[in-house]
Amino acid sequence: MILLSGKELAEKIKSQIKEELQEFLNKGYRRPSLAVILVGNNPASQIYVNKKIKDCQSVGINSKPFFLPENITQIELLDLIGQLNGDEEVDGILVQLPLPSHINTLEIIEAINPKKDVDGFHPLNVGKLATGRNDGIVPCTPYGIMKLLEYYNIDTFGKDVVVVGASNIVGKPMSLLFLKDEKSTVTICHKNTKDLKSHTLKADILVVAVGKPKLITADMVKEGAVVIDVGINRVDGKIVGDVDFENVSKKVSAITPVPGGVGPMTVAMLLYNTFQAYKNNVIF
């Protein structure tokens, strides 16, 4: 059984970004800049944002944090995004989700310049992914998963892939990446899927992104499958995934740990997307 360490690959990606960025700086280019917007005081969101800011600094990317009050109006938030869209020295804009209920999340995402949408959530970037274009920004978590499979030489060609979870952040873009160039046959499952086990048992590659601890048990996974656990849940003070790792790991060929699997790759690909947006901005 291979343990798919996202932490190991993430460090390699960050090292590559740092090295390539130094070459740009040596040529007289400015540093990349990422605007990070956090609305409210959600503790989990604060942890995620602080981690992203720290990782930006570790590779030489400037971060511009905007910590906004919970009661900010939608118009005020849209005004800020408009200013950042027009700032030529801001290469990426990240709005930490979830947003307070009085703010329309879709309208906020659509307001971001697609070229600065380093999360890859803008409809234009989603459309490019859906139509097989290579010039859009790909959502960080699915992108990181594909990089992880590639790093460990896990072939996706002709494989039966089952994605459990149909969110815009992971499930849907994940399925599109597997479908690209008709490489894999993809089944998407969600909370209304009948007899989930009958689907997961068919998977050569199983991706689980639901947010429900130990949803996937050993009897739901076939021998030799590859399992990607995207879930992050806190149970009795510990971080666990959506997969019963202890038992499932005994019958699969490869599996991601939680923590240390998909999580580090998500942040690494955020830095990667920001650096790509920067290069497109300063060069073209």
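Data block above holds the structure.
Please read all numbers here as calculations on a predicted model, not as lab measurements.

The rules behind each value
All residue numbers refer to positions counted from 1 along the written sequence of the respective chain. Local features in this predicted model are restricted to residues of pLDDT 70 or higher, and side-chain atom pairs are both shown and tallied only at a pLDDT of 80 or more, whereas totals for entire chains, interfaces and linings draw on every residue. Based on all heavy atoms of the structure, the side-chain values leave hydrogens and waters out of the count. When DSSP finds two or more bridges between a pair of strands, those strands are recorded as paired. Runs of H or I in DSSP of at least four residues are treated as helices and runs of E of at least two as strands, each being numbered from the N terminus. Note on contacts: a residue pair qualifies if any of its non-hydrogen atoms lie within 4.5 Å across the two residues. Axis definition: a line fit to C-alpha positions, over the contact stretch in the case of helices; interaxial angles, taken between N-to-C directions, run 0 to 180 degrees. Only the six-membered ring of Trp is used, alongside the rings of Phe and Tyr, when aromatic pairs are assigned; centres must lie within 6.5 Å, and planes under 30 degrees apart are stacked while those over 60 apart are edge-to-face, with the rest tilted. Summary of the burial criterion: residues with accessible area below 20% of their type's maximum are buried, those above 50% are exposed, and those between are partly exposed, where the area comes from a 1.4 Å probe applied to protein chains only. Only Lys NZ and Arg CZ are tested; either one counts as a charge over a ring when it is within 6 Å of the ring centre and within 35 degrees of the ring normal. An angle below 35 degrees is read as roughly parallel, one above 145 as roughly antiparallel, one from 65 to 115 as roughly perpendicular, and any other as oblique. When residues are sorted by character, Ala, Val, Leu, Ile, Met, Phe, Trp, Tyr, Cys and Pro go into the nonpolar class, Asp, Glu, Lys and Arg into the charged class, and all the rest, Gly among them, into the polar class. Throughout this description, a polar contact denotes any pair of N or O atoms lying within 3.5 Å of each other; where both atoms belong to protein, one of them has to be capable of donating a hydrogen while the other can accept it, and for residues adjacent in sequence the pair is counted only when both atoms sit in side chains. Whether a crossover is right-handed depends on one test, that the path from the first strand over the helix to the second runs clockwise when the strands point away from the viewer.

Peer 1: Can you walk me through the sheet that holds strand β8 (residues 226–229) in this structure?
Peer 2: By way of backbone hydrogen bonds, the strands of a sheet pair with one another, either parallel or antiparallel. Pairing is parallel in the open sheet, where six strands are placed in the order β1-β11-β8-β7-β5-β6. Each having just a single partner strand, β1 (2–3) and β6 (185–189) make up the two edges of the open sheet. Across the sheet, helix α7 (residues 171–179) lies against β5 (160–164), β6 and β7 (205–208), angled at about 170 degrees from β6, the strand it touches most.

Peer 1: Explain unusual backbone geometry to me, please; I cannot follow it from the model alone.
Peer 2: Phi is mostly negative for residues that are not glycine, and the peptide bonds are mostly trans. Here the bond from Leu97 into Pro98 is cis, since omega is 5 degrees, no more than 30 degrees from zero. Summarising the element assignment, Pro98 is placed in the loop between β4 (92–95) and α4 (105–111). With omega at 0 degrees, the peptide bond leading from Val258 into Pro259 counts as cis. Among the structural elements, Pro259 can be located in the loop between β11 (254–255) and α10 (262–283). Notably, Glu182 is not glycine yet its phi reads approximately 55 degrees, a positive angle. Mapped onto the fold, Glu182 is located in the loop between α7 and β6.

Peer 1: Mind showing me how you'd approach the packing of aromatic side chains here?
Peer 2: Each aromatic ring pair is described using two quantities: the centre-to-centre distance and the angle formed by the ring planes. The tally for this structure, following the rule as stated, stands at six aromatic pairs. Summarising the aromatic geometry, the rings of Tyr151 and Tyr152 are spaced 5.1 Å apart at their centres and angled 90 degrees between planes, so their arrangement reads as edge-to-face. For Tyr151, a relative accessible area of 28% puts it in the partly exposed group. Each member of the aromatic cluster is reached from another via a ring pair, and the members are Phe24, Tyr29, Phe275 and Tyr278. Directly above the ring of Tyr272 sits Lys147, whose terminal nitrogen or CZ lies 5.7 Å from the centroid.

Peer 1: Help me understand the sheet that holds strand β3 (residues 62–68), please; the structure alone is not making it clear to me.
Peer 2: Strand order across the open sheet formed by three strands is β3-β2-β4, with parallel pairing between neighbours. Edge positions in the open sheet fall to β3 and β4, since each of these has one partner strand only. Averaged over all pairs of adjacent strands, the angle between their axes in this sheet comes to 15 degrees, without regard to strand direction. Sheet topology note: the strand β2 (residues 33–39)/β4 ladder contains four bridges and is parallel. Opposite Ile37, over in β4, you have Val95 as the bridge partner. Each of β2, β3 and β4 touches helix α3 (residues 74–86); the most contacted strand, β2, lies at about 175 degrees to it.

Peer 1: Could you clarify how one ought to interpret the packing of helix α1 (residues 6–26) against helix α6 (residues 140–151) in this entry?
Peer 2: For any two helices packed against each other, one specifies the inter-axial angle together with the distance between the axes. Contact geometry for α1 and α6: axes closest at 10 Å, N-to-C directions at 100 degrees. By the angle between their axes, α1 is roughly perpendicular relative to α6. Facing α1, whose interface residues are Gly6, Glu8, Leu9 and Lys12, α6 presents Lys147, Leu148 and Tyr151. Along the lines of polarity and charge, the residues of the contact of α1 with α6 split into three nonpolar, one polar and three charged.

Peer 1: What is the right way to look at the packing of α6 against α10 in this model?
Peer 2: The N-to-C vectors of α6 and α10 enclose an angle of 105 degrees; their axes lie 8 Å apart at closest approach. As summarised for this structure, α6 and α10 are arranged roughly perpendicular, according to the angle between their axes. Counted together, Cys140, Thr141, Tyr143, Gly144, Ile145, Lys147 and Leu148 of α6 and Val262, Met265, Thr266, Met269, Leu270, Tyr272 and Asn273 of α10 form the full contact between these two elements. Looking at the contact of α6 with α10, its residues break down into nine nonpolar, four polar and one charged.

Peer 1: Which parts of the structure should I look at to understand the environment of Asp87?
Peer 2: Locating Asp87 in the fold gives a position in the loop between α3 and β4. For Asp87, a relative accessible area of 26% gives the class partly exposed. Engagement of the side chain of Asp87 in a polar contact is seen with the backbone nitrogen of Glu89, the distance being 2.9 Å.

Peer 1: Any chance you could explain the pairing of β6 here in plain terms?
Peer 2: Looking down a regular strand, the side chains alternate between one sheet face and the other. Bridging between β5 and β6 involves five bridges; their strand directions are parallel. Bridge assignment links Val162 to a residue of β6, and that residue is Thr187. Note that the unit made of β5, α7 and β6 has a crossover that is right-handed.

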